[in-house]
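# Secondary and tertiary structure notes
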Amino acid sequence: ETGVTQSPTHLIKTRGQQVTLRCSSQSGHNTVSWYQQALGQGPQFIFQYYREEENGRGNFPPRFSGLQFPNYSSELNVNALELDDSALYLCASSSPGNEETQYFGPGTRLLVL
Amino acid sequence: QKEVEQDPGPLSVPEGAIVSLNCTYSNSAFQYFMWYRQYSRKGPELLMYTYSSGNKEDGRFTAQVDKSSKYISLFIRDSQPSDSATYLCAMGAQKLVFGQGTRLTINP
């Protein structure tokens, strides 16, 4: 098991609502990346945070936003939820100088009704 | 065309068999290549990590990268039922690009 933790484990929301997902990175890791994994698909990169700043973004709309805190933990916020947002949301952390070696948490499973 | 192509399977083999999993990719700029294992309802677990072309071995697992062909492979020797999982290839650096994943079942 990696030291990356995520909360909550499961979440059910309705269309139009907003959601906040949380991630604590592995000790010594200062970079956090978020991915969306739809059922039967590989994870898709949402964005990455380094030193509390967004450091790269994938092809996701602005209603997907994030934060990183001084202790390197992170939040993913999704506004105006859509049915297609139903997925497993994964957080991954990496250490300084090794951003390509990413260690994943267990994920938060979001269902939008 | 997807940047990374991976046959989703499913792939079913008997215990003890050698398993070969593969991905192709289109972006010649990729330098880092990873294989992740994902059990049902869990996060991906990093198995192997390779930089540029060549082979890397770790126990029963061997990763191969052929950049000239844009083709990567993962071999599992002496496969065990506990190896049953979805195997994801990934590549890139800051932003990882994943294949769809291959669902593998090892039958006792």
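Data block above holds the structure.
Overview of the structure. (Residues numbered from 1 in each chain as written. Chains lettered and ligands numbered in written order. Predicted model: local features only at pLDDT ≥ 70, side-chain atom pairs only at ≥ 80, totals over all residues. Heavy atoms only, no water.)

Counting residues in hydrophobic clusters, the biggest one holds 24 residues, and the most contacted among them are Val 4, Trp 35, Ile 72, Leu 74, Tyr 87 and Met 91 of chain B. Of all elements in the fold, only β3 (19-25), β4 (32-38), β5 (45-51), β7 (61-66), β8 (71-76), β9 (85-92) and β11 (102-107) of chain B reach the threshold of two or more residues within this core. The next biggest cluster of nonpolar side chains, apart from the first, holds 19 residues, and it includes Val 32, Phe 60, Phe 64 and Val 78 of chain A. (Core = buried A, V, L, I, M, F, W, Y, C linked by side-chain atoms within 4.5 Å. Buried < 20%, exposed > 50% of the residue type's maximum accessible area, 1.4 Å probe, protein only. Helix = DSSP H or I, 4+ residues; strand = E, 2+ residues; numbered from the N terminus.)

Looking now at the environment of Cys 89 of chain B. Residue and element names in this part refer to chain B. Considering the arrangement of structural elements, one finds Cys 89 in strand β9. Along the backbone, Cys 89 and Ile 72 are 17 residues apart, and their C-alpha atoms lie at a distance of 8.3 Å. Those residues in contact with Cys 89 that lie beyond four places of it in its chain are Val 4, Gln 6, Cys 23, Met 34, Trp 35, Ile 72, Val 97, Phe 98 and Gly 99. (Contact = heavy atoms within 4.5 Å.)

Turning to the packing of aromatic side chains, a few remarks are in order. Two aromatic rings are characterised by how far apart their centres lie and by the angle between their planes. Across all of its chains, the model carries 12 aromatic pairs over all chains by this definition. Plain terms: the ring middles of Phe 104 of chain A and Tyr 36 of chain B are 5.3 Å apart, the flat faces sit at 85° to each other, and that makes the pair edge-to-face. Pair noted here: Phe 104 of chain A is in strand β10 (residues 103-104) and Tyr 36 of chain B is in strand β4, and the two residues belong to different chains. The class for Tyr 36 of chain B is buried, based on a relative accessible area of 0%. Aromatic pair Tyr 25 of chain B and Phe 30 of chain B: ring centres 5.9 Å apart, planes at 55°, arrangement tilted. (Phe/Tyr/Trp six-rings, centres within 6.5 Å; stacked < 30°, edge-to-face > 60°.)

Moving on to the sheet that holds strand β7 (residues 64-68) of chain A. Each strand in a sheet pairs with another by means of backbone hydrogen bonds, the pair being arranged parallel or else antiparallel. Residue and element names in this part refer to chain A. One open sheet accounts for 4 strands, arranged β1-β3-β8-β7; its pairing is antiparallel. The strands lining the two open edges of the sheet, one partner per strand, are β1 (5-7) and β7. Direction aside, the axes of adjacent strands within the sheet are offset by 20° on average. Across 5 bridges, strand β3 (residues 19-24) lies against strand β8 (residues 74-78) in antiparallel orientation. Bridge assignment links Leu 21 to a residue of β8, and that residue is Leu 76. (Pairing = 2+ DSSP bridges. Axes fitted to C-alpha atoms, helices over the stretch in contact; angles between N-to-C directions.)

Keep in mind that these numbers describe shape and distance, not what the molecule does.
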